[in-house]
Amino acid sequence: MTQHQRTALVTGSAGFIGYHTAKQLLADGWRVIGLDAMTDYYDVSLKERRHAMLLQNAGFSAINARLEEPGKLMAIFEEYQPDAVIHLAAQAGVRYSIDAPRSYLEANLMGTFDLLEAARAFPPAHMLMASTSSVYGANMEMPYAETHKADSQMSFYAATKKANEAMAHSYAHLYDLPITMFRFFTVYGPWGRPDMALFKFTKAILEGNAIDVYNHGDMMRDFTFIDDLVAGIVALIEAVPAKPDARETVFEADSLSAVAPWRVCNIGNGQPVQLMDYIKAIETALGQDAEKNFMPMQAGDVPATWADASLLEQLTGQIPQTPVETGVAKFVAWYRDFYNV
């Protein structure tokens, strides 16, 4: 660690990914400013517990506010002058975006705009911003590579994230802001979100209720364990995209912009798993079988995701590789402990 203690701003720090990312940065010696609005999209007590654990570290400061609150981000950037920004705050969830699209407009578009404006005024050394594998949409060419065309989003959530990528590129070009967009692939693990399949399935099975299995189980997901994802995010902080006039080499498969210090990077296991095999891993970890309701595909969903993670490996040496059996068992152990079941 350098003599100067670096400061990271983590938006969405009480969220599943934000909590784990902030925790790792604190362990690495960073000062972390955590911003979260504590919205009630899911159980707020889970978010409060995550922040309470982070606050046990003197290097963590919590700010309870919305991204889009007028002037809030500008004031935070002015006060803390962060060296790195990890932007994870968003209205998440494919299905909820069908019911409540305006919340995605406000958090994901207006909030990200305010973040970019604050970064323009007080530029960090590197901004890392969350996108999603959902931006690949109807693209059927797999594994998904960052250089693939991604213009056919199938949910409004995915559309807002693709818009964030475009917004960030324009700011990177106009103001020489180094920005990396990372695309997540079905992240799971301890302290996960209650609206995600692993959480819902585990809860239902333990309570003796049936689980809903969409597309009659004919789905594949590139499940990525939370520790692997965080390792990738933290390693990417040092992989700052260079300005176009300062580059020596460019990987053949790099997504680096020709006109801006901007790139997009997948963070995924690179090993798609059948949904039924994932359910089997949950059943094994719980020691009991699930009763299954086989259902048609849900609106806005895609049948498969699969990441090409070679760019991440070239940039950081990191490659996610936790097997689902291992990751699911860790989640189930956490769930049993947390809910005392």
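The structure displayed is predicted, hence computed values, not measured ones.

## As for the packing of aromatic side chains
For the coordinates displayed, the defined rule picks out 25 aromatic pairs. Both rings, one in Trp191 and one in Trp334, keep their centres 5.2 Å apart while their planes meet at 50°; by these two values the pair is tilted. Remark: Trp334 occurs in helix α11 (residues 324–339) and Trp191 occurs in the loop between β7 (187–188) and α7 (197–206); sequence separation between them is 143 residues. This pair shows no difference in class: Trp191 is buried, exactly as Trp334 is. Here a set of aromatic residues connected by ring pairs shows up, and it is made of Tyr19, Trp191, Phe199, Phe331, Trp334, Tyr335, Phe338 and Tyr339. The residue whose ring lies beneath Lys47 is Tyr42, and the NZ or CZ to ring-centre distance is 4.6 Å. Sitting above the plane of the Tyr136 ring, Arg183 keeps its charged end 4.7 Å from the centroid.

## Section: the pattern of salt bridges
The tally for this structure, following the rule as stated, stands at 11 salt bridges. Ionic pairing is found between Asp176 and Lys243, a salt bridge with its closest N-O pair at 3.8 Å. One end of the pair, Asp176, is in the loop between α6 (156–175) and β6 (179–184); the other, Lys243, is in the loop between α8 (226–236) and β11 (262–267), with 67 residues separating them in the sequence. Residue Asp176 is classed as partly exposed on the basis of its relative accessible area of 38%. A relative accessible area of 37% places Lys243 in the partly exposed class. Among the salt bridges present, the one from Glu207 reaches Lys203, with a minimum N-O distance of 3.2 Å. For Glu207, a relative accessible area of 47% gives the class partly exposed. Residue classification places Lys203 among the partly exposed positions, given a relative accessible area of 37%. Beyond isolated ion pairs, a larger network of salt bridges with shared partners links Lys149, Asp151 and Lys162.

## Remarks on the nonpolar core
In this structure, Ile17, Leu25, Ile86, Phe182, Phe184 and Tyr278 are the most contacted members of the largest nonpolar core, which totals 60 residues. In this structure Phe184 touches Ile17, Leu88, Ala130, Ser131, Thr132, Ser133, Leu229, Ile233 and Ile267, once residues within four positions along its chain are discounted. Formed by 28 residues, the second largest nonpolar core is a distinct cluster that contains Ile33, Ala65, Ile179 and Ala260.

## A few points about the packing of helix α5 (residues 101–121) against α6
Between two packed helices, the angle of one axis relative to the other and the distance separating the axes together describe the packing. The interhelical angle for the contact between α5 and α6, taken along N-to-C directions, is 15°, at an axis separation of 10 Å. When the axes of α5 and α6 are compared, the pair comes out roughly parallel. Seen along the crossing, α5 lies across α6 with a hand that is right-handed. Contact with α5, carried on its side by Pro101, Tyr104, Leu105, Asn108, Leu109, Thr112, Phe113, Leu116, Glu117 and Arg120, involves Phe156, Tyr157, Thr160, Ala163, Asn164, Met167, Ala168, Tyr171 and Tyr175 of α6 and no other residues of that element. Taken together, the residues of the contact of α5 with α6 sort by class into 13 nonpolar, 4 polar and 2 charged.

Analysis parameters
Residues numbered from 1 in each chain as written. Predicted model: local features only at pLDDT ≥ 70, side-chain atom pairs only at ≥ 80, totals over all residues. Heavy atoms only, no water. Phe/Tyr/Trp six-rings, centres within 6.5 Å; stacked < 30°, edge-to-face > 60°. Helix = DSSP H or I, 4+ residues; strand = E, 2+ residues; numbered from the N terminus. Buried < 20%, exposed > 50% of the residue type's maximum accessible area, 1.4 Å probe, protein only. Lys NZ or Arg CZ within 6 Å of the ring centre and 35° of its normal. Salt bridge = Lys/Arg side-chain N within 4 Å of Asp/Glu carboxyl O. Core = buried A, V, L, I, M, F, W, Y, C linked by side-chain atoms within 4.5 Å. Contact = heavy atoms within 4.5 Å. Axes fitted to C-alpha atoms, helices over the stretch in contact; angles between N-to-C directions. Parallel < 35°, antiparallel > 145°, perpendicular 65-115°, else oblique. Left-handed = near helix turned anticlockwise from the far one by under 90°. Nonpolar A, V, L, I, M, F, W, Y, C, P; charged D, E, K, R; others polar.

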